[in-house]
Amino acid sequence: MTESTSRPRAGLRLMAVHAHPDDESSKGAATLAKYAAEGAEVLVCTMTGGERGDVLNPAMDRPEVWADLPRLRRAEMERAREILGVEQRFLGFMDSGLPKNGEPVPAGSFALEEVETAAVPLVRAIREFRPHVVVTYDENGGYPHPDHIKTHQVAMEAFDAAGVADLYPGTGEAWQPLKLYYICAFSKAYFQAIYDGMTAAGLHSPHGEVLKGWDDSMRTWDITSQVSCAEWYPTRLRALLAHETQVNPDGPERSCPLEIEQQAWPTEDYHLVRSLVETTVPEDDLFAGVTAEAVAAH
């Protein structure tokens, strides 16, 4: 794979479709920041407001925080959006929470919406923003949270339907995005590289426990596309920490020094699902094949 270089992106548009505020900062954030800095328009569509999320930062685990969580999560999203240099919009659905012990998903939750109903605001957003590239989760949601799985289903529906004029009337003029990707945020190879990098530096790596417990029966997607964006890892970390109710800054997940991660795994990774333009994998650019000629023909 050739090493990616900075390229002008004026006129190009990327949409990232996520389930909750904070997902955009933990999955592909450096890519978003890189492309935005290079001149692309970048829009994060967040399906829910994160209202039923947990408070994962012990320093924020206070009654007044829990009582104000819906507002706080929106404020955190605004700070992260500003750090990344992107646009963002909430699509209006209620967080389903993460049911435990076989508990049902609460009534009125995003996960219980019919796909065709839940796709309406996303089709509208696609037709208004007119992205060339869309990124989202795979069929397992990246991990099996009901909102992530529903986000996958809705994104797939909207990617196909937005370009068909007769579908979803009242949501704007038809627009067909050119490429669709799954985000491959946390592969086994990634955890192995981080573990190796930390141990080589004489540091204890909790990623070894992740590797010991790895379920090799889980379906994995080939990484077809890697975006070199290590220089944006500090921005990614700042955006993630802006979601202060959701992130423990002293947690084991943040034990790897940035400089080691930048060397051990300097890319964010994707699986190309669909392309209406000619491209060759492996890619080093999500806009590969989205040429001026392809855009004009589109």
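Please read these numbers as outputs of a predicted model, since none were measured by experiment.

**Q** Help me understand the nonpolar core in this model?
**A** A general feature of soluble globular proteins is that nonpolar side chains tend to end up buried together. Residues Leu-14, Tyr-35, Val-42, Val-133, Val-135, Leu-286 and Phe-287 are the most contacted members of the largest nonpolar core, which totals 34 residues. The set of elements that each furnish at least two residues to this core consists of strand S1 (13-18), helix H2 (29-37), strand S2 (41-48), helix H4 (69-84), strand S4 (133-136), strand S5 (179-183), helix H9 (233-242) and strand S7 (267-275). With 6 residues, the single largest contributor to this core is H2. Those residues in contact with Leu-14, other than ones at most four positions away along the chain, are Leu-32, Tyr-35, Glu-41, Val-42, Leu-43, Phe-129, Val-133, Val-135 and Phe-287. Judged by nonpolar contacts, the second largest core, of 27 residues, contains Leu-43, Phe-93, Ala-158 and Phe-159.

**Q** Can you walk me through the confidence of the model for the protein in this structure?
**A** Should pLDDT be low for a region, the predicted coordinates there are not to be read in detail. Looking at the protein, the pLDDT average stands at 94 and 97% of residues meet or exceed 70. Taken as a whole, residues 1-5 scores under 50 in pLDDT and shows 10 contacts with residues more than four places along the chain or in a different chain.

**Q** Can you walk me through helix H5 (residues 115-129) in this structure?
**A** The periodicity of an α-helix, 3.6 residues per turn, causes residues three or four places apart in sequence to face the same way. Helix length check: H5 (15 residues) gives 21 Å between terminal C-alpha atoms against 21 Å at 1.5 Å per residue, within 8%. At Pro-121, H5 is bent by approximately 30°, the largest bend along its length. Within H5, the full set of buried residues consists of Val-115, Ala-118, Ala-119, Pro-121, Leu-122, Val-123, Ala-125, Ile-126, Arg-127 and Phe-129. Looking at the buried positions of H5, the neighbouring elements they touch are S1, S2, strand S3 (87-93) and helix H6 (146-161). At the exit of H5 stands Arg-130, carrying a positive phi of roughly 60°.

**Q** What is the right way to read the pattern of salt bridges from this model?
**A** A side chain of one charge can pair with a side chain of the opposite charge if their charged atoms are brought near each other. Summed over the entire model, instances satisfying the criterion amount to 17 salt bridges. Asp-285 is the salt-bridge partner of Arg-9, the closest N and O atoms lying 2.9 Å from each other. Here Asp-285 lies in the loop between S7 and helix H11 (292-297) and Arg-9 lies in the segment before S1, a separation of 276 residues in the sequence. We note that Arg-9, like Asp-285, is buried. The partner of Glu-244 in a salt bridge is Arg-79, and the shortest N-O contact between them spans 3.6 Å. With a gap of 165 residues between them, Glu-244 in the loop between H9 and helix H10 (258-264) and Arg-79 in helix H4 connect regions that are remote in the sequence. Judged by its relative accessible area of 36%, Arg-79 is partly exposed.

The rules behind each value
- Residues numbered from 1 in each chain as written.
- Predicted model: local features only at pLDDT ≥ 70, side-chain atom pairs only at ≥ 80, totals over all residues.
- Heavy atoms only, no water.
- Core = buried A, V, L, I, M, F, W, Y, C linked by side-chain atoms within 4.5 Å.
- Buried < 20%, exposed > 50% of the residue type's maximum accessible area, 1.4 Å probe, protein only.
- Helix = DSSP H or I, 4+ residues; strand = E, 2+ residues; numbered from the N terminus.
- Contact = heavy atoms within 4.5 Å.
- pLDDT = per-residue confidence, 0-100.
- Expected span 1.5 Å × (residues − 1).
- Bend = angle between axes of the 7 residues up to and from the residue.
- Salt bridge = Lys/Arg side-chain N within 4 Å of Asp/Glu carboxyl O.

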